[in-house]
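Listed below are the residues making up each chain.
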Amino acid sequence: MDFDFLKGELLLIDKPLDWTSFDAVNKIRRILEKKLQTKLKVGHAGTLDPKATGLLLICTGGMTKQIVNLTGLDKEYTGAFFIGATTPCYDTEKPADRTFPTDHITEEMILSAAKKFTGTIQQVPPTFSAKLIDGKRAYLSARKNRDIKMEPVTITISEFEILRIALPEVSFRVVCSKGTYIRALARDFGEALGSGAYLAELRRTRIGEYGIEDALSIDQFHALVSS
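Rules and cut-offs
Residues numbered from 1 in each chain as written. Predicted model: local features only at pLDDT ≥ 70, side-chain atom pairs only at ≥ 80, totals over all residues. Heavy atoms only, no water. Core = buried A, V, L, I, M, F, W, Y, C linked by side-chain atoms within 4.5 Å. Buried < 20%, exposed > 50% of the residue type's maximum accessible area, 1.4 Å probe, protein only. Helix = DSSP H or I, 4+ residues; strand = E, 2+ residues; numbered from the N terminus. Contact = heavy atoms within 4.5 Å. Salt bridge = Lys/Arg side-chain N within 4 Å of Asp/Glu carboxyl O. 1 Å grid on protein atoms, 1.4 Å probe; cavity = no way out; pocket = protein on both sides within 12 Å on 5 of 7 lines; lining within 4 Å. Points joined across faces, edges and corners; volume = space filled by probe spheres on them. Nonpolar A, V, L, I, M, F, W, Y, C, P; charged D, E, K, R; others polar. Pairing = 2+ DSSP bridges. pLDDT = per-residue confidence, 0-100. Phe/Tyr/Trp six-rings, centres within 6.5 Å; stacked < 30°, edge-to-face > 60°.

(A) Broad picture of the nonpolar core. Counting 28 residues, the largest nonpolar core has Phe-81, Phe-160, Ile-182 and Phe-189 as its most contacted members. Only strand E4 (75–83), helix H3 (107–116), strand E10 (153–166), strand E11 (169–176), helix H5 (182–192) and strand E12 (197–207) provide two or more residues apiece to this core. The contact partners of Phe-160, leaving out residues within four places of it in the chain, are Phe-81, Ala-114, Phe-117, Thr-118, Phe-172, Arg-173, Val-174, Leu-185 and Phe-189.

Written out as structure tokens, the structure reads:
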């Protein structure tokens, strides 16, 4: 297989658990710079949190000019909410800080909540996020326990499918627009159930026309370009 990484390539990479998106980009850059024996521009089109796995679009060389277009594509995720507790960052990166009752929650309530969050809605981003507030990343202030006012943004969730209900976990599939935080959806979903929730697991399965089934692990990519 022929590649021209300097002219530009779009790489579909399956990001591992507990890696940041920048970890993945830096690893790909080191692999390619070692092979090419030259510096190379590498970037990604849409951040995945460390506790999420799945599709990461990584651009090299001249293809990095297309990143702004790729980030605007719709995204599909599968995952699970844990119902009955919350964490400060709305996922498993921090331990639970509050617990809530769940005995009152029915399947009808869960399905109704999913419908409530389908369509064009307002969502308040997490404080533990890379959202810019007064020129600074929100998570930098959140880590210092500073009060931050996160303004709601307009997002679109075109599909919100409940795949399995096995309380305290609810499995789902979501198709959404740029700017959607699934961690924030977990928070809001728990509140809609009169309880609390956090994101127990998340996998990005599609970005626009690009699917996870065509992605390579970083080890597979390393082996491919080294052969």
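(B) Local environment of H5. In terms of residue burial, H5 counts as a mostly covered element, since nine of its eleven residues are buried. For H5, the full list of buried residues reads Ile-182, Arg-183, Ala-184, Leu-185, Ala-186, Arg-187, Asp-188, Phe-189 and Gly-190. Tucked into the core, H5 has its buried residues touching E4, H3, strand E7 (119–123), E10, E11 and E12. A positive backbone phi angle near 70 degrees is found at Gly-194, which sits one or two residues after H5.

(C) Local environment of the pattern of salt bridges. This structure, assessed with the given rule, holds seven salt bridges. Asp-188 is paired through a salt bridge with Arg-187; the nearest N and O atoms lie 2.8 Å apart. Within the structure, one salt-bridge network assembled from shared partners comprises Glu-76, Glu-159, Glu-161 and Arg-173.

(D) The arrangement of empty space enclosed by the protein in detail. What the rule picks out here adds up to one cavity of 30 Å³ or more. By volume, the largest cavity is sized at about 60 Å³. Forming the walls of the largest cavity are Asp-49, Lys-51, Ala-52, Asp-91, Thr-92, Arg-183, Leu-199, Ala-200, Glu-201 and Leu-202. For the lining of the largest cavity, the residue count by class is four nonpolar, one polar and five charged.

(E) Focus on the pairing of E12. As paired strands, strand E3 (residues 52–60) and E12 are joined by three bridges and run parallel to one another. Bridging from a neighbouring strand, Thr-53 pairs with Arg-203 of E12. Summarising the sheet, E4 and E12 pair through nine bridges and their orientation is antiparallel. From the neighbouring strand, Ile-83 faces E12, where its bridge partner is Ala-197. Summarising the sheet, E12 and strand E13 (residues 210–211) pair through two bridges and their orientation is antiparallel. In the strand pairing of E13, Ile-207 is matched with Tyr-210. Turn length for the E12-E13 hairpin, with the two strands adjacent in sequence and antiparallel, is two residues, and the turn residue Gly-208 shows positive phi of about 55 degrees.

(F) How the structure looks around the confidence of the model for the protein. Taken over all residues, the pLDDT of the protein has a mean of 92, while the share at 70 or more is 90%. The low-confidence segment residues 137–142 (pLDDT under 50) makes 19 contacts with residues lying over four places distant or belonging to another chain.

(G) Structural detail: the packing of aromatic side chains. Counting across every chain of the model gives eight aromatic pairs. Taking the centre distance of 5.1 Å and the plane angle of 35 degrees together, the rings of Phe-81 and Phe-189 count as tilted. Here Phe-81, found in strand E4, pairs with Phe-189, found in helix H5; they are 108 residues apart in sequence, far enough to count as distant. Each ring, one from Phe-160 and one from Phe-172, has its centre 6.4 Å from the other, and the planes form 80 degrees; the classification is edge-to-face. Linking Phe-160 in strand E10 with Phe-172 in strand E11, this pair joins segments that are twelve residues apart in sequence. For Phe-172, a relative accessible area of 0% puts it in the buried group. Through successive ring pairs, a cluster of aromatic residues spans Phe-81, Phe-160, Phe-172 and Phe-189.

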